[in-house]
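Chain by chain, the residues run as shown.
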Amino acid sequence: QVQLVESGGGLVQPGGSLRLSCAASGSIYSIGNMGWYRQTPGKSRELVADISRGGIADYADSAKGRFTISRDGAKNTVHLQMNSLKQDDTAVYYCKAYVVSTITPSGDYWGQGTQVTVSS
């Protein structure tokens, strides 16, 4: 089995910072792209940032200049450093990873989500 577990969400004031982390574990042979998505009630899940196995990052326009995605291949983790947070960043944030598994089917796996609330 493959599991992705997020951490680091919470309540922060506008202009503040949060660092999200996601750790993948289980029957993993290798991991391809890893990314962060977010979703608010009534809206589709949207990409925030994505990073390739080689470390090439891609950001949504709303995240450029404020968020930084990074990964640690040895630990199968991905992080999202979020600075200058705005109320519009309030959402449930999900981690996704393309996992090549030794046992379960290879493909995209998702975490359970972590709530980020930006409010004064």
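Presented here is a report on the structure given in the accompanying data block. All figures in this text were calculated on a predicted structure; none of them were measured in a lab.

**Digging into the environment of Gly111**
Argument step 1. Mapped onto the elements, Gly111 comes out in the loop between strand E10 (107-110) and strand E11 (114-118).
Argument step 2. In this structure Gly111 comes out as buried when scored by relative accessible area, which is 12%.
Argument step 3. Between the alpha carbons of Gly111 and Ile28 there is a distance of 15 Å; along the sequence they are 83 residues apart.
Argument step 4. In this structure, Gly111 is in contact with Leu4, Glu6, Tyr94 and Cys95, ignoring residues within four places of it in sequence.

**Some remarks on unusual backbone geometry**
Argument step 1. Its identity is not glycine, yet Asn76 carries a phi of approximately 55°, on the positive side.
Argument step 2. Looking at where Asn76 falls in the secondary structure, it is placed in the loop between strand E7 (67-72) and strand E8 (77-82).
Argument step 3. Within the chain, Ser84 stands out as a residue other than glycine whose phi angle is a positive 50°.
Argument step 4. Tracing the backbone shows Ser84 in the loop between E8 and strand E9 (91-101).

**What to know about the state of the cysteines**
Argument step 1. Scanning all chains against the criterion turns up one disulfide.
Argument step 2. Sulfur-sulfur distance for the disulfide between Cys22 and Cys95 comes to 2.2 Å. An S-S torsion of about -80° defines the bridge between Cys22 and Cys95 as left-handed. With Cys22 in strand E3 (residues 18-26) and Cys95 in strand E9, this residue pair connects regions lying 73 residues apart in the sequence.
Argument step 3. Under the relative-accessibility criterion, Cys22 is labelled buried at 1%.
Argument step 4. Residue class for Cys95 comes out buried when judged on its relative accessible area of 0%.

**Side note on the sheet that holds strand E1 (residues 2-7)**
Argument step 1. Ordered by their spatial adjacency, four strands build an open sheet running E1-E3-E8-E7, and the pairing between neighbours is antiparallel. Every interior strand has two partners, whereas the edge strands, E1 and E7, have only one. Across the sheet, the mean angle separating the axes of adjacent strands is 15° when strand polarity is ignored.
Argument step 2. Note: E1 against E3, six bridges, orientation antiparallel. Bridge assignment links Ser7 to a residue of E3, and that residue is Ser21.

**Overview of the pairing of E10**
Argument step 1. Bridge count between E9 and E10: four bridges; the pairing is antiparallel. Looking across to E10, one finds that Ala97 is bridged to Tyr109.

Thresholds applied
Residues numbered from 1 in each chain as written. Predicted model: local features only at pLDDT ≥ 70, side-chain atom pairs only at ≥ 80, totals over all residues. Heavy atoms only, no water. Helix = DSSP H or I, 4+ residues; strand = E, 2+ residues; numbered from the N terminus. Buried < 20%, exposed > 50% of the residue type's maximum accessible area, 1.4 Å probe, protein only. Contact = heavy atoms within 4.5 Å. Disulfide = S-S within 2.5 Å. Pairing = 2+ DSSP bridges. Axes fitted to C-alpha atoms, helices over the stretch in contact; angles between N-to-C directions.

By themselves, these are just geometric observations and shouldn't be taken as functional.
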